[in-house]
Amino acid sequence: MPDDTASSWEARASAHSFYGFTDLPTIRDRGPVIVTHGTGPYVVDVHGRRYLDANSGLWNMVAGFDHPGLIAAAKAQYDRFPGYHAFFGRMSDQTVMLSEKLIEVSPFDTGRVFYTNSGSEANDSLVKMLWFLWAAEGQPERRKILTRKNGYHGVTAVSASMTGKPYNSVFGLPLEGFVHLTCPHFWREGLQGETEADFTARLGRELEDVIAREGAGTIAGFVAEPVLGAGGAIPPPEGYFRTIAPILRRHGIPLISDEVITGFHRTGQTWGCETYGFTPDAILSSKNLTAGFFPMGAVVLGPELSARLQAASEAIEEFPHGFTASGHPVGCAIALKAIDVILNEGLAENVRSLTPRFEAGLARLAGHPNIGEWRGKGFMGALEAVADKPTKTPFDAALSVSERIANACTDQGLICRPLGQSIVLCPPFVITEAQMDEMFGKLERALDQVFAEVA
Ligand code: PLP
């Protein structure tokens, strides 16, 4: 039962704060968890209870909640120069250095970076860039954006329109011109008797058909997450990007990799596009970019789009776009440190070396009669609950199975995320073997408890 005396943190939170993406019945029954601080992969609430955060905050706190090097980098930059913008030809030295570093670690030989405050704004900005450059090149009708059902690209009006989730209909979204293709999830979307290779080929044909139906000359770009994150940690079927990339190239449609989650080693390589062997025309980054220590996003344009955007801007003597905090010097200093910490201080290596243990833990729990599938890549993983395993029949939505599992985890001091009927795990990169075992042990007890209640 929540402590709802008027002075409790929980009551105060509910009285004056909105909860985004939160199951309100859970809040009514159990109250929120109000956290005060964290150590390593754990967070601590106002009552002193400690939780292992198996979701790295919101995928982003990959270096843990108290990384001394990141805190020192932030403090040093606040002492040196606590804030500036990137308008009117001015820009902080940290911003210059971060752009150089991002191009250096990108798959691109050259290119340019534009900064935002979030992943949504990175998606939104990218769409505006495409609209702007196509129009400048005499093709203003190239405005449609192709994405996938169940893909997640953010919450602004444009990035929510790119997002392929039905809940956006409550806002009257998507806007016109946002086209959602089949979710590339073989286990759910594959047809009876279809092989994974057949499924990939079918998705390729679908893309060809959509381009033919809409007209290549009306399409501005195709945006995809290498692994669907908020869709439920869904890796693509074998050969997916190798199939779609040449089709897009043939029609002159830019391929954009939304790496807000997958960027900086979540899938075991610096970028998800490296994991899946394709070179996009641009990368969208956020979250791990600052290890969650500062709100920041980035649009990293490869050589061709960079040159085209530059030419479009030169034509009207300006790129009329920007946020007050674009390229904030403190965020950039933190990002420079975060990239170094992830790449050079053992975090990337820890993801690589513990991935087999992570996958083994998921596979073991998938032996449960009510887990239909485990899936994942690197440190992204999910277990999907089913009422009936052979037929993959989901539980009655009214049972709120994944919410119940997540709540049972919370009771045991484990934070993990319910997504549809799946439980998503994306631990911080600093997690140890023992902590990973703790994570799976607690989740197993929660699964046993909830399936005993509902199955
Ligand atoms: N793109 C992807 C792939 C994401 O996972 C997210 C957020 O989870 C976003 C975009 C939106 O980022 P933000 O929440 O920072 O706006």
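Thresholds applied
- Residues numbered from 1 in each chain as written.
- Predicted model: local features only at pLDDT ≥ 70, side-chain atom pairs only at ≥ 80, totals over all residues.
- Heavy atoms only, no water.
- Core = buried A, V, L, I, M, F, W, Y, C linked by side-chain atoms within 4.5 Å.
- Buried < 20%, exposed > 50% of the residue type's maximum accessible area, 1.4 Å probe, protein only.
- Domains from an automatic or database assignment.
- Contact = heavy atoms within 4.5 Å.
- Helix = DSSP H or I, 4+ residues; strand = E, 2+ residues; numbered from the N terminus.
- Polar contact = N/O pair within 3.5 Å; in protein donor to acceptor, adjacent residues only side chain to side chain.
- Patch = residues over 30% accessible without salt bridge, like charges linked within 9 Å, V, L, I, M, F, W, Y side chains within 5 Å.
- Areas by Shrake-Rupley, 256 points an atom, 1.4 Å probe, with all protein chains shown as cover.
- Salt bridge = Lys/Arg side-chain N within 4 Å of Asp/Glu carboxyl O.
- Buried area = accessible area lost by both parts, 1.4 Å probe.
- Pairing = 2+ DSSP bridges.
- Axes fitted to C-alpha atoms, helices over the stretch in contact; angles between N-to-C directions.
- Parallel < 35°, antiparallel > 145°, perpendicular 65-115°, else oblique.
- Left-handed = near helix turned anticlockwise from the far one by under 90°.
- Nonpolar A, V, L, I, M, F, W, Y, C, P; charged D, E, K, R; others polar.

## Focus: the nonpolar core
Nonpolar side chains tend to gather and get buried jointly when the protein is soluble and globular. The biggest cluster of nonpolar side chains holds 96 residues, and the ones touching the most others in it are F222, I405, L425, M439 and L443. Counting only domains with at least three residues in this core, you end up with domain 1 (33-66 + 347-454) and domain 2 (70-344). Once residues lying within four places of it in the same chain are set aside, the contact partners of I405 are I423, L443, A446, L447, V450 and F451. Within the second largest apolar cluster, 25 residues are counted, among which are L126, M162, I256 and L305.

## Comments concerning the side chain of R375
One can find R375 in strand β11 (residues 371-377). Only 3.5 Å separates the side chain of R375 from the backbone oxygen of A233, close enough to count as a polar contact. Of the polar contacts made by the side chain of R375, one reaches the side chain of S422; its length is 3.0 Å. Among all residues touching R375, those that are not within four sequence positions of it are H185, G232, A233, I234, P235, L362, M380, G381, A382, E384 and S422.

## Focus: a nonpolar patch on the surface
Residues F21, V155 and Y167 make up a contiguous nonpolar surface patch of about 320 Å² in total accessible area. Of note, Y167 is situated in the loop between α7 (157-162) and β6 (178-181).

## Here's the deal with the domain arrangement of the protein
Accessible area lost upon the coming together of the parts is a frequently used measure of interface size. Under the domain assignment used here, the protein contains domain 1 (33-66 + 347-454) and domain 2 (70-344). Summarising the inter-unit geometry, the C-alpha centres of domain 1 and domain 2 are found 27 Å apart. Of the residues lining the interface, 34 residues belong to domain 1; the matching set on domain 2 comes to 30 residues. Between domain 1 and domain 2 lies a buried interface of about 2,600 Å² when both sides are counted; carbon and sulfur atoms form 64% of it. On the domain 1 side of the interface with domain 2, the three residues burying the most area are W59, M380 and K392, jointly 24% of the side's total.

## Here we look at the pattern of salt bridges
Charged atoms that come close allow side chains of opposite charge to pair. The full count for this structure, using the stated rule, is 21 salt bridges. Among the salt bridges present, the one from R30 reaches D411, with a minimum N-O distance of 2.8 Å. Taken together, the positions of R30 in helix α2 (residues 24-30) and D411 in helix α15 (residues 401-411) put the pair 381 residues apart, joining distant regions of the chain. Among the residues examined, R30 registers a relative accessible area of 30% and is labelled partly exposed. What makes D411 exposed here is its relative accessible area of 55%. Its salt-bridge partner being R202, residue E194 comes within 2.7 Å of it at the nearest N-O pair.

## Comments concerning the environment of S285
Of note, S285 is situated in strand β9 (residues 282-285). Measuring from C-alpha to C-alpha, the distance between S285 and L248 comes to 22 Å, with 37 residues separating the pair along the chain. Here S285 is in contact with A122, E259, V260, F264, W271, G297 and A298, once residues within four sequence places are set aside.

## Quick word on the sheet that holds strand β2 (residues 42-45)
As summarised here, the arrangement of the four strands in space is β1-β2-β3-β13, forming an open sheet in which the pairing is mixed. Of all the strands in the sheet, just β1 (35-39) and β13 (414-415) have a single pairing partner and so form its edges. Inspection of the sheet shows β2 paired to strand β3 (residues 50-53) by three bridges, in the antiparallel sense. For V44, the partnering residue across the bridge sits in β3 and is R50.

## Notes on the packing of helix α4 (residues 68-80) against helix α13 (residues 329-344)
Where α4 contacts α13, the axes come no closer than 9 Å and their chain directions differ by 150°. By the criterion of interaxial angle, the relationship of α4 to α13 is roughly antiparallel. Seen from above, α4 lies across α13 with right-handed handedness. For the pair formed by α4 and α13, the contact residues are G69, L70, A73, A74, Q77 and Y78 on the first element and P329, V330, A333, I334, K337 and A338 on the second. The residue makeup of the contact of α4 with α13, split by class, is nine nonpolar, two polar and one charged.

## A word on the sheet that holds β6
On the basis of which strands lie adjacent, the open sheet formed by seven strands has the order β4-β10-β9-β8-β7-β5-β6 and mixed pairing. With one partner strand each, in any of the chains shown, β4 (112-116) and β6 form the two edges of the open sheet. Direction aside, neighbouring strands of the sheet carry axes that sit 20° apart on average. Packed on one face of the sheet, helix α9 (residues 196-214) meets β5 (144-148), β6 and β7 (219-224) and runs near 155° to β6.

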